[in-house]
Amino acid sequence: MQLPAPGTTEGRAALAALLSDPARALVAFDFDGTLAPIVADPRDSAPEPGIVELLAALAGRLGTVAVVTGRPAATAVRLGGLDRVPGIVVLGHYGAERWEDGRETAVPVPPGVDLVRAELPGLLDSLGAPEGTWVEDKGRSLAVHTRRTAEPDAALDLVKPHLVELADRAGLRVEPGRMVIELRPAGVDKGAALSALVAERAAGSVLFGGDDLGDLPAFDAVVRLRAEGVPGLTVCSASATGEAAGIAEAADLVVQGPAGLAAFLGGLEQALARG
Ligand SMILES: O=P(O)(O)OC[C@H]1O[C@H](O[C@H]2O[C@H](CO)[C@@H](O)[C@H](O)[C@H]2O)[C@H](O)[C@@H](O)[C@@H]1O
């Protein structure tokens, strides 16, 4: 399998650095839309067939394999069967949680989350949020999904200003995504989480793959790391269901959804095996 060449000079340099010194490479991926195809109900998410096995094979060749997700870390591990990947680090809730070797650590949950939990159902009722609007309570954040409404974008537009007001009052931040708005604690994002892991592992190269707005801070972090001398490659998981605006343009390489990412990882594994 041929490894596709990234479209940018920086991306090609990073892929070359990863291949020449895999033991110091760090690769990290978003979960939904990147490792797992988008589905109507988040509780039904499952990884692209074969992709976890590829991550496991790569874990034997690369310095660090990680997942950086907006999901709770334990949820991503359970839905993805990520505990099958030796040594994987799963950073959940945009970096507020860390799962590794079956153990989880997390920062404290701010009290604003309880306020949102108490007020959100009444708020959505009072707004006449359409049938199919669904609240995902993730413990340390709550996400309002509209994918299963008749008009997801209109439903999102209806609730968004009111969710911004509620988040402000609760001291939380609003995280927009693919047919979802999340109210979550501030102070962490995927960029900070990725940079901290790169520093901790003294990584010599970094690759990050994502598909949604919450992944842009990680793309930005890769650009900053390049300026600090760590070659970096960003990969967009594009798909028929539509990656978030701006992601493909910001990436060094675009693959066609989780299936395209699996093909890329297969090519990477073969290239590393060839040595
Ligand atoms: O950082 P991620 O791992 O990409 O998590 C981001 C959000 O993903 C999930 O929602 C998205 O995927 C769902 C399942 O495919 C889909 O139904 C939904 O429309 C998408 O927005 C998850 O439910 C959220 O909690 C995550 O924050």
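Every value quoted in this text rests on a predicted model; they were computed, and no experiment measured them. (Residues numbered from 1 in each chain as written. Predicted model: local features only at pLDDT ≥ 70, side-chain atom pairs only at ≥ 80, totals over all residues.)

J.: Looking at this structure, how should I read the site of the ligand?
T.: For the ligand, the set of nearby residues contains 24 residues, the closest of which are Phe 31, Asp 32, Pro 42, Thr 69 and Gly 70. Of all the secondary-structure elements, those providing two or more residues to the shell around the ligand are strand E7 (142-145) and strand E9 (180-184). Looking at side-chain class alone, the shell around the ligand contains 8 nonpolar, 7 polar and 9 charged residues. When residues are assigned to domains, the shell around the ligand turns out to be shared by domain 1 (9-107 + 188-274) and domain 2 (112-184), each giving three or more. (Near = placed C-beta within 6 Å. Helix = DSSP H or I, 4+ residues; strand = E, 2+ residues; numbered from the N terminus. Nonpolar A, V, L, I, M, F, W, Y, C, P; charged D, E, K, R; others polar. Domains from an automatic or database assignment.)

J.: Just checking my understanding: could you explain the environment of Ala 203 for this structure?
T.: Residue position: Ala 203 is located in the loop between helix H6 (190-201) and strand E10 (205-210). We classify Ala 203 as buried; it has 25 C-beta atoms within 10 Å. Considered as a pair, Ala 203 and Asp 189 are 14 residues apart in the sequence and their alpha carbons are 19 Å apart. Apart from the residues lying within four places of it in its own chain, the contact partners of Ala 203 are Arg 24, Ala 25, Leu 26, Gly 63, Thr 64, Val 198 and Val 230. (Buried ≥ 20, exposed ≤ 12 C-beta atoms within 10 Å, placed from the backbone. Contact = placed C-beta atoms within 7 Å.)

J.: Help me out: how do you make sense of the nonpolar core in this one?
T.: One recurring pattern in soluble globular proteins is that nonpolar side chains are buried together. One finds Ala 66, Val 67 and Val 90 to be the most contacted residues of the largest nonpolar core, which totals 61 residues. The element best represented in this core is helix H9 (residues 257-274), accounting for 6 residues. Setting aside residues no more than four positions away along its own chain, Ala 66 makes contact with Leu 26, Ala 28, Ile 88, Val 89, Leu 91 and Leu 197. With 16 residues, the next largest nonpolar core counts Leu 120, Leu 156, Ala 170 and Val 180 among its residues. (Core = buried A, V, L, I, M, F, W, Y, C linked by C-beta atoms within 7 Å.)

J.: How should the sheet that holds E7 be read in this particular structure?
T.: Whether parallel or antiparallel, the strands of a sheet pair through hydrogen bonds between backbone atoms. Taken together, 4 strands build an open sheet; the order of strands is E6-E7-E9-E8 and the sheet is antiparallel. Each edge of the open sheet carries a strand with a single partner, namely strand E6 (134-137) and strand E8 (173-177). Averaged over all adjacent pairs, the angle separating strand axes in this sheet is 20°, with direction ignored. Note that E8 and E9 share 5 bridges and pair antiparallel. The partner of Val 174 across the bridge, within E9, is Leu 183. Relative to E7, helix H4 (residues 112-127) is tilted by about 25°, and along the sheet it contacts E6, E7 and E9. (Pairing = 2+ DSSP bridges. Axes fitted to C-alpha atoms, helices over the stretch in contact; angles between N-to-C directions.)

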